[in-house]
2 protein chains.
Amino acid sequence: MMTSATAPGTPGGFHLYDTTLRDGSQQEGLTLSVADKLAVARLLDELGVTYIEGGWPGAVPRDTEFFARVATELDLRTARLAAFGATRKAGVAVGDDPQVRALLDSGAGTITLVAKSDLRHVKAALRTSGEENLAMVRDTVEHLRASGREVFVDAEHFFDGFRDDPDYTTSVVVEAFGAGAAVVVLCDTNGGMLPHDIAAIVDDLRSRLAAAGLPDARLGAHTHNDSGCAVANAVMAVHHGITHVQGCVNGYGERTGNADLITMLADLQLKMGLELVDAETLAEATRIAHAIGEICNMAVPSRAPYVGASAFAHKAGLHASAIRVDPDLYQQIDPRDVGNDMRMIISDMAGRASIELKGRELGFDLAGEGDLLGRLAARVKAREAEGYSYEAADASFELLLLDEMGELPRFFDVESWKASSHFLRDGALETEATVKVLGIGDAAERSVALAEGNGPVNALDLALRGALRTVHPQVDEFELLDFKVRILDAHHGTDATTRVLVRTSACGIEFQTVGVGPNLIEASWEAISDAYTYGLHRVTSQAA
Amino acid sequence: MMTSATAPGTPGGFHLYDTTLRDGSQQEGLTLSVADKLAVARLLDELGVTYIEGGWPGAVPRDTEFFARVATELDLRTARLAAFGATRKAGVAVGDDPQVRALLDSGAGTITLVAKSDLRHVKAALRTSGEENLAMVRDTVEHLRASGREVFVDAEHFFDGFRDDPDYTTSVVVEAFGAGAAVVVLCDTNGGMLPHDIAAIVDDLRSRLAAAGLPDARLGAHTHNDSGCAVANAVMAVHHGITHVQGCVNGYGERTGNADLITMLADLQLKMGLELVDAETLAEATRIAHAIGEICNMAVPSRAPYVGASAFAHKAGLHASAIRVDPDLYQQIDPRDVGNDMRMIISDMAGRASIELKGRELGFDLAGEGDLLGRLAARVKAREAEGYSYEAADASFELLLLDEMGELPRFFDVESWKASSHFLRDGALETEATVKVLGIGDAAERSVALAEGNGPVNALDLALRGALRTVHPQVDEFELLDFKVRILDAHHGTDATTRVLVRTSACGIEFQTVGVGPNLIEASWEAISDAYTYGLHRVTSQAA
């Protein structure tokens with residue numbers, strides 16, 4: 001029997017173990033191609049995680065392919081790659097089990113096996129005996145260790161099982177260590193634990209392991225958010241001596257999700273003094289969280305701790321006044337430690353203090369301009385009541401500010417526009433738009449353009465660009481990057497107020513504009529039209 | 001000096017205190033009209049909360065109006081209404097302070113005062129002395145008690161303050177109780193605490209209060225989610241003797257939000273044995289969370305514990321196989337306890353087990369139909385790769401199933417459709433659509449219709465309805481209730497794959513259909529066209 005305190009080669013320090021590519025992908029709505037998985041893996045490596053669980057080779061075809069391509073397409077700098085799988089089937093010799101064979105074939109240096117540790121599950125789901133389950137654990141761990149792999153064991157339903165039958169559940173843990181597992185991970189698979197439960201059970205297990213001659217056995221925690229306590233439970237486990245935590249970036253995962261890996265990382269490093277990654281790496285956390293969100297096609301929730309767009313965004317007038325004195329009065333950490341920014345939110349709660357701070361953010365010194373600030377605050381409140389949202393449309397807010405200052409830039413005057421989609425039985429769809437504008441000032445010419453597009457909004461964008469390019473050739477450098485639609489008053493069906501946010505890049509800068517209207521086309525026109533105005537304003541100001 | 005153990009009239013049991021209408025509304029993107037606030041208050045009352053903090057009358061005009069209208073427009077069955085405000089201004093007599101006056105004028109029976117309890121904030125933000133701050137607390141609490149109001153004190157930045165200067169912070173708490181406060185609420189205003197910090201500090205405060213002759217003083221907790229531990233911190237506080245928790249439905253609030261009130265309620269009642277509301281009321285939690293989300297125009301995140309659409313949705317094939325044996329094997333509670341449902345997610349992880357269970361959910365017995373299940377699973381995977389999502393479109397999934405069974409219902413054949421929007425300089429916008437269809441079977445007539453609408457999608461909906469109504473008059477009972485747009489591949493700008501989900505009601509049933517296309521119009525057409533097909537199928541099946 002091998003000693004199991006730490007298998008040779010297992011890093012002695014704390015393990016930050018990411019399972020975004022395996023447990024995370026069990027989230028409703030999340031689908032990753034192999035290319036996506038490789039891209040996410042590179043980002044996880046940049047984040048400095050200790051382990052990347054890449055998937056379940058053999059069981060999930062896309063994962064088999066991932067591990068096959070890893071050798072030539074993935075160059076991990078610091079992270080180790082782990083394959084996930086299960087103990088051998090009941091009643092089958094481990095050498096004959098194809099699922100176990102596939103784990104070895106994946107080539108992964110680390111293999112994490114899920115093992116039943118709740119006797120009720122052993123009987124009802126596996127339909128076998130407690131003894132056979134222990135043998136399944138022992139055989140599979142030994143088999144993999146004999147091939148030189150590092151082995152972790154995920155004790156499934158550990159906490160529920162421990163409450164039901166602590167002796168049996170502990171025996172599974174002891175068996176795993178005895179067979180050579182480097183870490184046994186205590187999984188709150190159904191997510192039902194509360195932090196004080198975790199504390200009590202970890203302490204109890206710890207004394208049982210000491211009594212069994214395994215005082216230094218390395219334990220891990222794998223928590224879910226069904227009780228809203230995934231991160232807290234993991235943190236509590238660490239507070240009680242655990243040195244390996246598993247989670248997913250952006251809290252992805254089955255049902256309510258896994259513990260958010262970056263929230264755990266920031267909590268452990270910035271508040272509990274664990275040096276898991278270096279400071280420069282932690283400052284990349286926000287960028288990495290959002291980049292992974294892009295690949296997964298799931299925006300990071302704005303309220304996400306540390307990395308969310310709203311995490312350091314202050315709205316209450318009371319807070320704004322204090323922040324003008326000292327930002328740390330209302331912030332728990334310096335947002336730059338995790339690569340985020342402090343922002344002032346402009347809304348109908350915005351008092352003059354908020355608008356002044358926002359203006360400062362955009363490069364305007366409005367100190368002492370009481371009247372202007374008051375008028376602007378009133379105008380923002382009124383427009384927000386109509387459905388506008390300036391919270392994510394700084395460029396539209398800036399145009400509002402310039403307008404109140406009597407300096408609204410104007411480059412074109414719209415005479416008319418038209419967009420139409422025509423579907424024919426043979427399947428052809430024709431979408432086109434026409435735009436007619438009058439120029440302003442020196443270039444006061446009338447310009448008309450027709451464009452075809454993939455849809456009415458795309459066609460309008462191209463047509464407006466076409467109408468402007470003779471006088472303003474810079475518009476050919478503009479690119480509409482992102483386009484978000486929000487149907488307000490959705491309960492009114494298809495005739496509902498629509499808000500569109502458009503993100504544009506123009507000659508090196510990116511900005512967002514907003515449009516509101518009774519339908520998508522009108523709202524989009526306004527956002528796009530503002531985008532061209534703002535873009536031309538910035539471009540011509542730079543040139544000046 | 002009044003005894004403060006419990007002011008006369010304060011409920012002796014546990015306090016579930018909701019601040020959705022005050023702290024919750026500080027969330028970025030959340031704006032509530034007075035009518036909205038009244039509607040939310042009624043729902044909170046249905047939820048059985050002990051207190052509803054209605055806002056800050058005097059400071060926020062909309063809140064002043066809310067409290068004025070409450071007398072005639074709000075009939076609370078069990079909840080008590082509280083007004084939020086602050087201690088008197090430094091250096092101003094409490095009787096002369098208009099902010100305090102406004103709190104009394106609101107008529108609220110309960111007033112919750114935020115008081116600085118962190119000495120650094122007293123000096124930097126209030127620019128006054130620790131002594132004056134204690135007097136501000138004492139004067140304001142006594143003044144409000146003298147008018148017969150129940151008074152709670154929110155000790156702002158309590159935990160940070162206690163760590164910095166436990167003697168001063170404790171003195172604020174003692175002062176508040178001494179002046180007659182019924183509850184002093186310990187606020188983790190910046191959200192930086194971890195659960196073990198909460199435990200240690202609450203225990204320490206408790207012994208200091210005992211030493212000060214206040215062993216039974218009633219404490220509360222008000223937590224934020226900046227460290228991902230808001231709910232856990234509140235739960236830990238309760239585990240250490242606190243009997244009053246504050247939170248917001250759906251976790252709304254400044255920055256990362258407040259503790260999610262319903263998550264706390266479910267954790268405390270279902271796991272810690274506290275009987276806060278009766279079981280029938282708890283079973284309304286999901287409905288109420290979503291209804292409040294509707295009013296706030298912020299969808300409940302699908303991963304939200306207990307009430308989220310995904311909270312009990314199982315995706316992994318492994319889990320589906322076990323659940324077929326016993327749902328409780330992978331669920332921490334019975335979803336019906338909180339009014340939610342277990343769902344099988346149809347996705348490319350869907351094995352035959354998931355599709356069979358889904359079919360059963362929809363009323364089809366597919367046991368033993370191996371080929372059909374296999375074909376359907378393959379078709380779902382293929383379509384999901386194109387952008388379709390059946391997770392929220394059961395009606396479209398059912399049509400797919402019927403198609404695979406060779407029983408796809410068809411009521412019309414589309415010859416062509418056209419939609420156009422025309423904007424003229426005088427501000428007029430003309431939007432119209434034409435639809436030409438051929439009938440099926442007995443009613444094989446050609447039908448054409450023109451309709452005008454608020455936008456191209458609305459116009460198409462009305463035109464299709466017009467084209468179908470002669471042969472199928474039931475379509476006049478159909479109503480498109482909701483319409484969600486998702487731009488996939490958003491980084492491609494305006495020519496991006498678009499997915500539309502449409503919710504329709506038809507003759508007493510509601511259902512969702514999905515459409516995908518390179519632009520909104522095409523995607524909407526598909527979803528709407530499916531909705532009419534499905535609706536007519538259900539209506540004619542019922543009639544049969």
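Check the entry above for the structure.
Rules used throughout
Residues numbered from 1 in each chain as written. Chains lettered and ligands numbered in written order. Predicted model: local features only at pLDDT ≥ 70, side-chain atom pairs only at ≥ 80, totals over all residues. Heavy atoms only, no water. Axes fitted to C-alpha atoms, helices over the stretch in contact; angles between N-to-C directions. Helix = DSSP H or I, 4+ residues; strand = E, 2+ residues; numbered from the N terminus. Left-handed = near helix turned anticlockwise from the far one by under 90°. Contact = heavy atoms within 4.5 Å. Nonpolar A, V, L, I, M, F, W, Y, C, P; charged D, E, K, R; others polar. Pairing = 2+ DSSP bridges. Phe/Tyr/Trp six-rings, centres within 6.5 Å; stacked < 30°, edge-to-face > 60°. Buried < 20%, exposed > 50% of the residue type's maximum accessible area, 1.4 Å probe, protein only. Lys NZ or Arg CZ within 6 Å of the ring centre and 35° of its normal. Salt bridge = Lys/Arg side-chain N within 4 Å of Asp/Glu carboxyl O. Parallel < 35°, antiparallel > 145°, perpendicular 65-115°, else oblique. Core = buried A, V, L, I, M, F, W, Y, C linked by side-chain atoms within 4.5 Å. Expected span 1.5 Å × (residues − 1). Patch = residues over 30% accessible without salt bridge, like charges linked within 9 Å, V, L, I, M, F, W, Y side chains within 5 Å. Areas by Shrake-Rupley, 256 points an atom, 1.4 Å probe, with all protein chains shown as cover. Lys, Arg positive; Asp, Glu negative; His and termini not counted. Charge placed at Lys NZ, Arg CZ, Asp CG, Glu CD. Right-handed = clockwise from strand over helix to strand, strands pointing away.

As for the packing of helix α9 (residues 230-239) of chain B against helix α10 (residues 261-271) of chain B
Residues and elements named next belong to chain B. At a minimum axis distance of 10 Å, the contact between α9 and α10 shows a crossing angle of 40°. Crossing handedness for the pair α9 and α10: right-handed. Contacts between α9 and α10 involve Val231, Ala234, Val235 and Val238 on the former and, on the latter, Thr263, Met264, Asp267 and Leu268. The class makeup of the residues in the contact of α9 with α10 is 6 nonpolar, 1 polar and 1 charged.

Focus: the sheet that holds strand β11 (residues 412-424) of chain B
Adjacent strands of a sheet pair through backbone hydrogen bonds, lying either parallel or antiparallel. The 6 strands are arranged β13(A)-β12(A)-β11(A)-β11(B)-β12(B)-β13(B) in an open sheet whose pairing can be described as antiparallel. Of all the strands in the sheet, the pair left with one neighbour each is β13 (446-452) of chain A together with β13 (446-452) of chain B. Across the sheet, the mean angle separating the axes of adjacent strands is 10° when strand polarity is ignored. As judged from the 11 bridges shared by β11(B) and strand β12 (residues 429-439) of chain B, these two strands associate in the antiparallel manner. Within β12(B), the residue paired with B:His422 across the bridge is B:Glu430. In the packing of helix α17 (residues 456-468) of chain A onto the sheet, the strands contacted are β11 (412-424), β12 (429-439) and β13 of chain A, and the crossing angle to β12(A) comes to about 35°. Its contacts with the sheet put helix α17 (residues 456-468) of chain B on β11, β12 and β13 of chain B, and the angle it makes with β12(B) is roughly 35°.

Topic: the packing of aromatic side chains
Applying the stated criterion across every chain yields a total of 22 aromatic pairs over all chains. Aromatic pair A:Trp56 and A:Phe84: ring centres 5.2 Å apart, planes at 80°, arrangement edge-to-face. Placement of A:Trp56 in the loop between β2 (51-53) and α2 (61-73) and of A:Phe84 in strand β3 (residues 80-86) is noted, with a sequence separation of 28 residues between them. The burial state of A:Trp56 is the same as that of A:Phe84; both residues are buried. Ring geometry for B:Phe158 versus B:Phe159: centroids 5.1 Å apart, planes at 85°, classification edge-to-face. Look at B:Phe158 and you get buried, because its relative accessible area is 0%. Taken together, the ring pairs in this structure connect A:Tyr17, A:Tyr51 and A:Phe152 into an aromatic cluster. Here the guanidinium or amino end of A:Arg383 rests over the ring plane of A:Tyr388, the centre of that ring lying 4.1 Å away.

With respect to the pattern of salt bridges
Using the criterion set out here, one finds 60 salt bridges over all chains in the structure. Between B:Arg88 and B:Asp139 there is a salt bridge, and its shortest N-O distance comes to 3.0 Å. One end of the pair, B:Arg88, is in the loop between β3 (80-86) and α3 (98-105); the other, B:Asp139, is in helix α5 (residues 130-146), and 51 residues separate them in sequence. Judged by its relative accessible area of 5%, B:Arg88 falls in the buried class. In this structure, a network of salt bridges that share partners links the residues A:Arg375, A:Arg379, A:Asp403 and A:Glu404.

A short note on the packing of helix α7 (residues 166-178) of chain B against helix α8 (residues 195-211) of chain B
All names here are of chain B. Following both chains from N to C, one finds α7 and α8 inclined at 55°, their axes separated by 11 Å at the closest point. On the basis of their axis angle, the class for α7 and α8 is oblique. For the crossing formed where α7 meets α8, the hand is right-handed. Residue-level contacts link Pro166, Asp167, Thr170, Val173, Val174 and Phe177 of α7 to Leu205, Arg208 and Leu209 of α8. Of the residues contributing to the contact of α7 with α8, the split by class is 6 nonpolar, 1 polar and 2 charged.

Quick notes on unusual backbone geometry
The phi dihedral of A:Tyr306 is positive, around 70°, even though this residue is not glycine. Looking at the secondary structure, you find A:Tyr306 in the loop between α12 (285-296) and β9 (313-314). A:Tyr306 gets classed as buried once you look at its relative accessible area, which sits at 1%. Residue B:Arg255 is not a glycine yet carries a positive backbone phi of 55°. By the element assignment, B:Arg255 lies in the loop between β8 (244-247) and α10. According to the relative accessible area criterion, B:Arg255 is buried, its value standing at 2%.

A short note on the environment of A:Thr497
Take A:Thr497: it is sitting in the loop between β14 (479-487) and β15 (498-506). Taking the C-alpha atoms as reference points, A:Thr497 and A:Gly387, separated by 110 residues in sequence, lie 7.6 Å from one another.

As for helix α16 (residues 394-404) of chain A
All names here are of chain A. The element α16 is extensively covered by neighbouring structure, given that 9 of its 11 residues are classed as buried. Of all the positions in α16, only Ala395, Ser396, Phe397, Glu398, Leu399, Leu400, Leu401, Leu402 and Glu404 are classed as buried. Phi turns positive one or two residues past the end of α16, at glycine 406, with a value near 75°.

Considering the nonpolar core
Ranked by size, the top nonpolar core spans 204 residues in total, and within it A:Phe66 and B:Phe66 carry the most contacts. Each residue touching A:Phe66, except ones within four places of it in the same chain, is listed here: A:Leu21, A:Val34, A:Lys37, A:Leu38, A:Ala41, A:Gly54, A:Leu74 and A:Leu81.

Thoughts on helix α5 (residues 130-146) of chain A
Residues and elements named next belong to chain A. In this model, α5 (17 residues) spans 24 Å end to end at C-alpha, consistent with the 24 Å of a helix rising 1.5 Å per residue. Every buried residue of α5 is listed here: Gly130, Glu132, Asn133, Leu134, Ala135, Met136, Val137, Thr140, Val141, Leu144 and Arg145. In this structure, the buried side of α5 is in contact with β3, α3 (98-105), β4 (110-116), α4 (119-124), β5 (150-156) and α7 (166-178). Positive phi shows up at glycine 148, right after α5, with a value of about 80°.

Things to note about a positive patch on the surface
A contiguous patch of positive charge on the surface is contributed by A:Lys418, A:Lys436, B:Lys418 and B:Lys436. For A:Lys418, the location among the structural elements is in strand β11. Take A:Lys418: its relative accessible area is 38%, and that puts it in the partly exposed class.

Description of the pairing of strand β4 (residues 110-116) of chain B
Residues and elements named next belong to chain B. Of all 7 residues in β4, 7 are buried, a share of seventy percent or more. Covered by surrounding structure in β4 are Thr110, Thr112, Val114 and Lys116 together with Ile111, Leu113 and Ala115, the residues of both alternating faces. Where β3 lies against β4, 5 bridges are found, and the strand directions are parallel. Within β4, the residue paired with phenylalanine 84 across the bridge is threonine 112. With α3 bridging β3 and its parallel neighbour β4, the resulting β-α-β unit is right-handed. The pairing of β4 with strand β5 (residues 150-156) spans 7 bridges and is classified as parallel. Bridge assignment links lysine 116 to a residue of β5, and that residue is glutamate 156.

Comments concerning the sheet that holds strand β1 (residues 15-18) of chain A
Residue and element names in this part refer to chain A. On the basis of which strands lie adjacent, the closed barrel formed by 8 strands has the order β1-β2-β3-β4-β5-β6-β7-β8 and parallel pairing. Within the sheet, the average angular offset between the axes of one strand and its neighbour, ignoring direction, is 25°. By the bridge criterion, 4 bridges tie β1 to strand β8 (residues 244-247) in an arrangement that is parallel. Residue pairing across strands places aspartate 18 opposite glycine 247, the latter belonging to β8. Along the sheet, α5 contacts β3, β4 and β5; its crossing angle with β4, the most-contacted strand, is approximately 175°.

Without other data, these values stay purely geometric and don't point to any function.
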